[in-house]
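Structural overview for review
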Amino acid sequence: MDTSADKDWTQLVDHAFGHFVEPSLIEPTIVQDYPVELSPFARTTDDEALTERFEYFAAGMELGNAYSEINDPDEQQRRFDEQSEHVEGVRGDPDYVEALSYGMPPTGGLGLGIDRLVMLLSGRETIRDVILFPSLRPENR
């Protein structure tokens, strides 16, 4: 595994997980409680270093992601500030933080990659096999 492109701890952990762990998650698996550095929008658990986030995997690929969203504007601004210090960090969204300050009930997000689910169910190995990309398909199809 070449780590020369990993510029900080967060990128190294994400790269290592994707290289060493994710391909071995063949059976349906849920990985939960991600480090706060990998989840800037997720609420922390009782352990301030971990977040209420999980990803689910099968057949060596991620199928989806879910987390409890931060609804505290001060906490979200602090996370944006910390994230912007990273090499490729996002500078933040002041409009979003302002909207949070008006009040937001506890929320959560859940994503499911339908394309990846179709890949899993149909036994296809590439996304090109399950999504129509007419300009990329050979003309004899």
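First things first, this report covers the structure right here in the doc. The structure displayed is predicted, hence computed values, not measured ones.

Within the chain one finds four helices and four strands. The order of helices and strands in the chain, counted from the N terminus, is α-β-β-β-α-α-β-α. A separation threshold of at least 6 residues defines the contact pool for the chain, and within that pool the share at least 24 residues apart is 52%. Just so you have it, the chain exposes about 9,400 Å², and 54% of that area is on carbon and sulfur atoms.

With a side-chain oxygen lying 3.2 Å from the backbone nitrogen of Asp 95, the N-terminal cap of helix α3 (residues 94-101) falls on Asp 93. Positive phi appears at Gly 103, one or two residues downstream of α3, with a value of about 115 degrees.

Let us look at helix α2 (residues 73-84). Think of an α-helix as 3.6 residues a turn; residues three or four steps apart then line up on the same face. Its 12 residues give α2 an end-to-end C-alpha distance of 16 Å, which sits within 8% of 16 Å, the value for a rise of 1.5 Å per residue. Within the sequence span of α2, burial applies to Pro 73, Glu 75, Gln 76, Arg 79, Phe 80 and Gln 83. Seen end-on, α2 carries its buried residues on one side only, within an arc spanning 160 degrees. Considering only its buried residues, α2 is in contact with α3.

Right, let's talk about the pairing of strand β2 (residues 53-58) for a bit. Successive residues of a regular strand alternate their side chains across the two faces of the sheet. Most of β2 sits out of view: five of its six residues are buried. The pairing of strand β1 (residues 29-32) with β2 spans four bridges and is classified as antiparallel. Paired with Thr 29 across the strands is Phe 57, a residue of β2. As paired elements, β2 and strand β3 (residues 61-69) share six bridges and run antiparallel to each other. Bridge pairing in β3 links Arg 53 to Tyr 67. Linking β2 to β3, which pair antiparallel, is a turn of two residues; within it Ala 59 sits at a positive phi near 55 degrees.

Judged by pairing direction, the sheet is antiparallel, and its four strands sit side by side in the order β1-β2-β3-β4 without closing on themselves. This sheet does not close on itself; its edge strands, each paired only once, are β1 and β4 (107-112). Taken pair by pair, the neighbouring strands of this sheet meet at an average axis angle of 15 degrees, ignoring direction.

The subject of this paragraph is a negative patch on the surface. Together, Asp 33, Asp 46, Asp 47, Glu 48 and Glu 52 give the surface a local cluster of negative charge. A relative accessible area of 31% places Asp 33 in the partly exposed class.

Each value, and the rule that gives it
Residues numbered from 1 in each chain as written. Predicted model: local features only at pLDDT ≥ 70, side-chain atom pairs only at ≥ 80, totals over all residues. Heavy atoms only, no water. Helix = DSSP H or I, 4+ residues; strand = E, 2+ residues; numbered from the N terminus. Contact = heavy atoms within 4.5 Å. Areas by Shrake-Rupley, 256 points an atom, 1.4 Å probe, with all protein chains shown as cover. Polar contact = N/O pair within 3.5 Å; in protein donor to acceptor, adjacent residues only side chain to side chain. Expected span 1.5 Å × (residues − 1). Buried < 20%, exposed > 50% of the residue type's maximum accessible area, 1.4 Å probe, protein only. Arc of directions from axis to C-beta. Pairing = 2+ DSSP bridges. Axes fitted to C-alpha atoms, helices over the stretch in contact; angles between N-to-C directions. Patch = residues over 30% accessible without salt bridge, like charges linked within 9 Å, V, L, I, M, F, W, Y side chains within 5 Å. Salt bridge = Lys/Arg side-chain N within 4 Å of Asp/Glu carboxyl O. Lys, Arg positive; Asp, Glu negative; His and termini not counted. Charge placed at Lys NZ, Arg CZ, Asp CG, Glu CD.

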